[in-house]
Amino acid sequence: MKVVREVPDNPPGHRNPDDNWGNLVLLQHSPRLYSLVCHLAPGTVDATEGQQVRQGTRLGLCGNSGRSFVPHLHLQLQ
C-alpha cells in the first residue's frame, strides 16, 4: 500500500500539475491487481502504508488535490 496525505486542495477551477494524483491510497489486491483512489482531501487519509484494509474501511474523503480542477474522487483499477 502506498499513501500520500498532505497535498493541499486546489481552489475550484485550478489544478496542481506537480502532484498529478494528489492525496492517494494505492492498494494491492493480488499480485497483478491494484486499485488507486486519489484527489482525496488533505488530512482525511486514514490508511497507513503497510496496513491491511477490509471492506468498509474509510480510506479518505473526496477532495480537489493534485491535477484536479473540481472536487471529485478518482478510482482506477489496473
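Just above sits the structure.
This text gives an overview of the structure that appears in the document.

Procedures and definitions
Residues numbered from 1 in each chain as written. Predicted model: local features only at pLDDT ≥ 70, side-chain atom pairs only at ≥ 80, totals over all residues. Heavy atoms only, no water. Buried < 20%, exposed > 50% of the residue type's maximum accessible area, 1.4 Å probe, protein only. Helix = DSSP H or I, 4+ residues; strand = E, 2+ residues; numbered from the N terminus. Pairing = 2+ DSSP bridges. Salt bridge = Lys/Arg side-chain N within 4 Å of Asp/Glu carboxyl O. Patch = residues over 30% accessible without salt bridge, like charges linked within 9 Å, V, L, I, M, F, W, Y side chains within 5 Å. Areas by Shrake-Rupley, 256 points an atom, 1.4 Å probe, with all protein chains shown as cover. Axes fitted to C-alpha atoms, helices over the stretch in contact; angles between N-to-C directions.

In terms of burial, strand β3 (residues 33-40) is largely enclosed, as six of its eight residues are buried. When strand β2 (residues 23-30) meets β3, the two strands line up antiparallel, connected through seven bridges. When the bridges of β3 are listed, L24 appears paired with C38. Remark: two residues form the turn of the hairpin made by β2 and β3, two consecutive strands paired antiparallel. When β3 meets strand β4 (residues 74-77), the two strands line up antiparallel, connected through four bridges. Bridging from a neighbouring strand, C38 pairs with H74 of β4.

What follows covers the pattern of salt bridges. Counting across every chain of the model gives one salt bridge. Between D46 and R58 there is a salt bridge; the shortest N-O distance is 2.7 Å. One end of the pair, D46, is in the loop between β3 and β4; the other, R58, is in the loop between β3 and β4, and twelve residues separate them in sequence. Note on R58: relative accessible area 42%, which makes it partly exposed.

A grouping of L33, L75 and L77 is seen on the molecular surface, where their side chains present a nonpolar patch of about 320 Å² in accessible area. For L77, a relative accessible area of 61% translates into the label exposed.

Looking down a regular strand, the side chains alternate between one sheet face and the other. Across three bridges, strand β1 (residues 2-4) lies against β2 in antiparallel orientation. Across the sheet, K2 pairs through a bridge with L26, a residue of β2.

Spatial ordering of the open sheet is given by β1-β2-β3-β4, a layout of four strands whose pairing is antiparallel. The open sheet has two edge strands, β1 and β4, and neither has a second partner. The sheet shows a mean angle of 10° between the axes of neighbouring strands, taken without regard to direction.

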